[in-house]
Amino acid sequence: MNDPTLIGPCADYEHDLVELHDGALPLERAGVVRLHVAQCARCRDWAQAFASLDARLAADLPRPELSADFEARLHGRLAALSRSAARDRPGTLELEHEHDALLAALRRSARRNALLGAIGWAAATACVFIAARDLLQEMVGVLAVVPRGTEPWMGFGLTGIAVAIGVLAWSVARNGLPLRG
């Protein structure tokens, strides 16, 4: 870690030394870094060279000067921004309320459409089943000649009804009724 052939500070302390110089290092860490600098010649030399360079740059670089009315213009611009922000806030709230109301109306409409679609599909399915039942009852005479009687056909019809109701329920649960328009 303190290899004399290396230049610069120890890698573990390089950023800490800069923050210590700037006064941005937390107190607990600053104590650890100061103790290390007291024991490490590389870090001590680097910290002194960094402080010297920083002082020379601060002395040699030109300092920008603000215009005499800078502070007044700054306060004026901040006041204008706060006035425009206060003016924009009520409009923004009204737009947010309108947006929320539109979303709620869309949700209600979607639920109503899904419910009406489900009722429509259930009614259509019931009509088909009633027609199938009536057709089966009319066909009892024809089915009487079937070797096993009408019970297997009625069982088949009831199984079809159960499957259709299950598919309808699944479709309603997934909001996936195939509605036209």
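Every value quoted in this text rests on a predicted model; they were computed, and no experiment measured them. (Residues numbered from 1 in each chain as written. Predicted model: local features only at pLDDT ≥ 70, side-chain atom pairs only at ≥ 80, totals over all residues. Heavy atoms only, no water.)

**Q** Residues and numbers for the pattern of salt bridges, please.
**A** Going through the model one piece at a time under the given rule, you end up with 2 salt bridges. A salt bridge links Arg29 to Asp16, with the shortest nitrogen-to-oxygen separation between them at 2.5 Å. Of this pair, Arg29 sits in helix H2 (residues 27–39) while Asp16 sits in helix H1 (residues 14–22); the two residues are 13 residues apart in sequence, bridging distant segments of the chain. A relative accessible area of 14% places Asp16 in the buried class. Salt-bridge contacts for Asp69 lead to Arg73; the nearest nitrogen and oxygen are separated by 3.7 Å. A residue is classified by how much of its surface remains accessible, and Asp69, at 40% relative accessible area, is partly exposed. Residue Arg73 is classed as partly exposed on the basis of its relative accessible area of 49%. (Salt bridge = Lys/Arg side-chain N within 4 Å of Asp/Glu carboxyl O. Helix = DSSP H or I, 4+ residues; strand = E, 2+ residues; numbered from the N terminus. Buried < 20%, exposed > 50% of the residue type's maximum accessible area, 1.4 Å probe, protein only.)

**Q** Break down the packing of aromatic side chains for me, with residues and values.
**A** All told, the structure shown has 1 aromatic pair when counted by the stated rule. Between Trp46 and Phe50 the ring centres are 5.3 Å apart and the planes differ by 10 degrees, which places this aromatic pair in the stacked class. With Trp46 and Phe50 both in helix H3 (residues 41–60) and 4 residues apart, this pair spans about one turn of that helix. For Trp46, a relative accessible area of 22% corresponds to the partly exposed category. Residue Phe50 is classed as partly exposed on the basis of its relative accessible area of 23%. (Phe/Tyr/Trp six-rings, centres within 6.5 Å; stacked < 30°, edge-to-face > 60°.)

**Q** Account for the packing of H1 against H2, with residues named and values stated.
**A** Think of two packed helices as two axes; the pair is described by the angle between the axes and how far apart they sit. Two elements in contact, H1 and H2, have axes separated by 10 Å at closest approach and are oriented at 110 degrees. Here H1 is positioned roughly perpendicular relative to H2, judged by the angle of their axes. Every pair of crossing elements has a handedness; the one defined by H1 and H2 is left-handed. Two secondary-structure elements touch here, H1 through Asp16, Leu17 and Leu20 and H2 through Arg29, Ala30, Val33, Arg34 and Val37. The residue makeup of the contact of H1 with H2, split by class, is 5 nonpolar, no polar and 3 charged. (Axes fitted to C-alpha atoms, helices over the stretch in contact; angles between N-to-C directions. Parallel < 35°, antiparallel > 145°, perpendicular 65-115°, else oblique. Left-handed = near helix turned anticlockwise from the far one by under 90°. Contact = heavy atoms within 4.5 Å. Nonpolar A, V, L, I, M, F, W, Y, C, P; charged D, E, K, R; others polar.)

**Q** Residue-level account of a nonpolar patch on the surface, with values.
**A** A cluster of nonpolar side chains, Leu66, Phe70, Leu74, Leu78 and Leu81, forms an exposed patch at the surface whose accessible area comes to about 480 Å². Relative to the helices and strands, Phe70 resides in helix H4 (residues 70–138). The partly exposed category is assigned to Phe70, whose relative accessible area is 33%. (Patch = residues over 30% accessible without salt bridge, like charges linked within 9 Å, V, L, I, M, F, W, Y side chains within 5 Å. Areas by Shrake-Rupley, 256 points an atom, 1.4 Å probe, with all protein chains shown as cover.)

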